[in-house]
Amino acid sequence: MKLGGGKRNASVQLSSIDKSKHKTEYDEKYLKRIDRKTYYGDYGSLPKTDISNVTLVIDNDTIAIPPAAYADLHNLNLTYMDKGALKSRNGIYESKDGHRVYLYLFCKNTTGSYEVTFIIQDKKYFRRVLDYDFM
């Protein structure tokens, strides 16, 4: 999936989840944790996809988002239906002073929606902000 254009664009790559590479913990019949951590997306059952890579290009400079920033995000569904129309809220935004760039991804699912914003400051990954558990 690609976002943006011109001086700022992003690429998010998804891959099928490989159960053999993850330790899963169940509470009765519901998935509780993946790799001993809380996970986001498709709550209660094993997600189908992982994010395998997130890259942002700003003014021809490539900024790789570290895997630790998205390792717990699964089943990233970047489009959703609203009154019969396919929509997306994803985007790349810049602060007024130009020092910060925000990559915003909105994942809307019936079993676990979340939104994440990756913050880049002076062309270096700074942090992420995550909101979850809404429909």
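Below is a summary of the structure that appears in this document. (Residues numbered from 1 in each chain as written. Predicted model: local features only at pLDDT ≥ 70, side-chain atom pairs only at ≥ 80, totals over all residues. Heavy atoms only, no water.)

1. Details of the layout of surface pockets
Right, so step 1: Taken as a whole, the largest pocket encloses approximately 200 Å³ of empty space.
Right, so step 2: Along its surface, the largest pocket is lined by 16 residues, and His22, Asp35, Asp50, Ala71 and His74 are the ones closest to its centre.
Right, so step 3: Secondary structure elements with two or more residues in the lining of the largest pocket: strand E2 (8–16) and strand E5 (49–58).
Right, so step 4: The element contributing the most residues to the lining of the largest pocket is E5, with 3 residues.
Right, so step 5: Taken together, the residues that form the lining of the largest pocket break down as 6 nonpolar, 6 polar and 4 charged. (1 Å grid on protein atoms, 1.4 Å probe; cavity = no way out; pocket = protein on both sides within 12 Å on 5 of 7 lines; lining within 4 Å. Points joined across faces, edges and corners; volume = space filled by probe spheres on them. Helix = DSSP H or I, 4+ residues; strand = E, 2+ residues; numbered from the N terminus. Nonpolar A, V, L, I, M, F, W, Y, C, P; charged D, E, K, R; others polar.)

2. Topic: the pattern of salt bridges
Right, so step 1: Counted according to the given criterion, the structure contains 8 salt bridges.
Right, so step 2: Taking the shortest distance from any N to any O, the salt bridge between Lys7 and Asp59 comes out at 4.0 Å. With a gap of 52 residues between them, Lys7 in the loop between strand E1 (2–5) and E2 and Asp59 in the loop between E5 and strand E6 (61–64) connect regions that are remote in the sequence.
Right, so step 3: Looking at Lys7, the relative accessible area reads 57%, which means it is exposed.
Right, so step 4: Where Arg128 meets Asp72, a salt bridge forms, and the shortest distance between an N and an O atom there is 2.8 Å. Here Asp72 lies in the loop between E6 and strand E7 (80–82) and Arg128 lies in strand E12 (residues 124–134), a separation of 56 residues in the sequence.
Right, so step 5: Assessed through its relative accessible area of 21%, Arg128 is described here as partly exposed.
Right, so step 6: Assessed through its relative accessible area of 16%, Asp72 is described here as buried.
Right, so step 7: One salt-bridge network, in which partners are shared between bridges, spans Lys7, Arg8, Asp59, Asp61, Glu94 and Lys123. (Salt bridge = Lys/Arg side-chain N within 4 Å of Asp/Glu carboxyl O. Buried < 20%, exposed > 50% of the residue type's maximum accessible area, 1.4 Å probe, protein only.)

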